Amino acid sequence: VCYQEKPCYDIVYSKDFAELGEEIKKIGFENRKICLITDSNVDGLYSDEVCDILNKVAKAVIKCVIPAGEKNKNLDEINKIYEQLILNRFDRHDLIVALGGGVVGDMSGFTAATYLRGIAFIQIPTTLLAQSDSSIGGKTGVDYKGYKNMVGAFYMPRLVYMNISTLKTLDGRQFASGFAEVMKHGIIKDSEFYTWLIDNMYEIDERDVDTLLEMVYRSCLVKKAVVEKDPTEKGERALLNFGHTLGHAIEKYKNFELMHGECISLGFVAAAFISWKKGLLSMEEYYEVRDMLVPFNLPISLDSIDAEEVIRLTKSDKKADADKIKFILIKKIGRAVIDTTVTDDEMRAALEEIDWSK
Ligand code: NAD
Ligand code: ZN
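Residues numbered from 1 in each chain as written. Chains lettered and ligands numbered in written order. Predicted model: local features only at pLDDT ≥ 70, side-chain atom pairs only at ≥ 80, totals over all residues. Heavy atoms only, no water.

### Description of the site of ligand 1
The environment of ligand 1 is formed by 24 residues, the closest being Asp-39, Glu-70, Thr-126, Thr-127 and Thr-169. Within the side chain of Thr-127, an N or O atom sits 2.6 Å from an oxygen atom of ligand 1. The protein chains hide 85% of the 870 Å² of surface that ligand 1 would expose on its own. Secondary structure elements with two or more residues in the shell around ligand 1: helix H2 (40–57), helix H4 (102–114), helix H5 (128–134) and strand E7 (147–154). Here the shell around ligand 1 gets four residues from one element, more than from any other, and that element is H2. (Near = heavy atom within 4 Å. Polar contact = N/O pair within 3.5 Å; in protein donor to acceptor, adjacent residues only side chain to side chain. Areas by Shrake-Rupley, 256 points an atom, 1.4 Å probe, with all protein chains shown as cover. Helix = DSSP H or I, 4+ residues; strand = E, 2+ residues; numbered from the N terminus.)

This is the structure in structure tokens:
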């Protein structure tokens, strides 16, 4: 992956950890200190195997385990990692390795971006969301006083190493939630990929590793293409927010009881509905987008929604520039556009559409 001002880095798609040691040597981190950052769930699953590999290439390996969960994505936990890095005299030539989902990836990246004004880090993403989305693109950070991702930095990893087999141990809801972002990449940019997903529905559900490898690879190609054009989110990158304006509002409205992917799935339906009503998308395509979420275990309606409250919440989203909401609509499957004309009435109608009780 190449970004204008930043060095290039490799993304390795693998079915195991066998090549990890070689890849670390390739980027010049043999005989350095390595700090492995993981969370309390992933620690029990994969850190022994990864530590064994790291120990063979590194001068020393330390491990920091963050308690699992978004509620620990904060500066207190980052401070504990800084302390370990200082205590173990990590310098600018040493390396941070993130092993885990998006929470670990974002926090490790932020630690790497800020410790000694920046040390190298690599990502080993282990959730579908992290593999197909969050490990690519260089956004790092933590939540602050209840505000999501309020403190952070754009900071690129030196390597992303994906072991697709790790997706086998994800629970069903986590997998479906991550899949929503995969589907999003097809819907906004790549209709062939979208069709491929539908054709491979069974294999994806079975978590056939070869199918998942191709899926993650193609999903990353879309994300990569978008962020390479717009690394710091000035234009094109906004397309990745498809389903996210109402999705985020629903996430907050439901007090984060639903998973992110479930909320953006509802957001996809709402955004596709608005696209249809505005005459951008055909009715058939609207129903296709909606109905194809169901076999992937993603919700398309909620039992009841307070539309006014959800609309109010879209306006407190930090991505809303002043009053103008940048809505992402679709012209057809595979082609998304930015639209700043969506009215409250249009959102209200879309929210009614996904409200089961209406
Ligand atoms: P997560 O990191 O909390 O992981 C979800 C759960 O799965 C955790 O309990 C974790 O311990 C567990 N887990 C991880 N890998 C596993 C495996 N292989 N098997 C079994 N369990 C496993 O959450 P997530 O969904 O991966 O990521 C969400 C985070 O990503 C949010 O904080 C969000 O803000 C961030 N994010 C960042 C970007 C970005 O561009 N940087 C993009 C989207 C989301
Ligand atoms: Zn998302």
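### Brief notes about a negative patch on the surface
Together, Asp-16, Glu-19, Asp-48, Glu-49 and Asp-52 give the surface a local cluster of negative charge. Positionally, Glu-19 belongs in the loop between strand E1 (10–14) and helix H1 (20–26). (Patch = residues over 30% accessible without salt bridge, like charges linked within 9 Å, V, L, I, M, F, W, Y side chains within 5 Å. Salt bridge = Lys/Arg side-chain N within 4 Å of Asp/Glu carboxyl O. Lys, Arg positive; Asp, Glu negative; His and termini not counted. Charge placed at Lys NZ, Arg CZ, Asp CG, Glu CD.)

### Here we look at the packing of helix H11 (residues 260–277) against helix H14 (residues 344–353)
Orientation of H11 relative to H14, taken along the N-to-C sense of each, is 125 degrees, at an axis distance of 9 Å. Considering the angle they form, H11 stands oblique to H14. Read as a crossing pair, H11 and H14 show a hand that is right-handed. Counted together, Ala-270, Phe-273 and Ile-274 of H11 and Glu-346, Met-347, Ala-349, Ala-350 and Glu-353 of H14 form the full contact between these two elements. In the contact of H11 with H14, the residues fall into six nonpolar, no polar and two charged. (Axes fitted to C-alpha atoms, helices over the stretch in contact; angles between N-to-C directions. Parallel < 35°, antiparallel > 145°, perpendicular 65-115°, else oblique. Left-handed = near helix turned anticlockwise from the far one by under 90°. Contact = heavy atoms within 4.5 Å. Nonpolar A, V, L, I, M, F, W, Y, C, P; charged D, E, K, R; others polar.)

### Overview of the pairing of strand E2 (residues 33–39)
Of all seven residues in E2, seven are buried; the element is thus mostly enclosed. Neither face of E2 is open: one carries Lys-33, Cys-35, Ile-37 and Asp-39, the other Ile-34, Leu-36 and Thr-38, and all of them are buried. Note that E2 and strand E3 (residues 60–66) share seven bridges and pair parallel. For Lys-33, the partnering residue across the bridge sits in E3 and is Ala-60. (Buried < 20%, exposed > 50% of the residue type's maximum accessible area, 1.4 Å probe, protein only. Pairing = 2+ DSSP bridges.)

### Considering the pattern of salt bridges
As enumerated under the stated definition, the model contains 21 salt bridges in all. For the salt bridge of Asp-303 with Lys-254, the shortest nitrogen-to-oxygen distance reads 3.9 Å. Highlighted residues: Asp-303 in the loop between helix H12 (283–291) and helix H13 (307–315) and Lys-254 in the loop between helix H10 (244–253) and H11, separated in sequence by 49 residues. Between Asp-344 and Lys-315 there is a salt bridge, and its shortest N-O distance comes to 2.9 Å. Taken together, the residues span a long stretch of sequence, with Asp-344 in helix H14 and Lys-315 in helix H13 at a distance of 29 residues. We classify Lys-315 as partly exposed; its relative accessible area is 36%. Among the charged side chains, a network of salt bridges with common partners joins Lys-189, Lys-229 and Glu-236.

### What to know about the coordination of the zinc ion (ligand 2)
At the metal site, the zinc ion (ligand 2) is ligated by Glu-181 (OE), His-244 (NE2) and His-260 (NE2), and these contacts range over 2.0 to 2.1 Å. In primary-sequence terms, the residues that donate to the zinc ion (ligand 2) follow E-x62-H-x15-H. Here the residue His-244 occupies a position in helix H10, and His-260 occupies one in helix H11, the gap between them amounting to 16 residues. Like His-244, the residue His-260 is buried in the burial classification. (Donors = N, O, S within 2.8 Å, 3.2 Å for Na, K, Ca; no water.)

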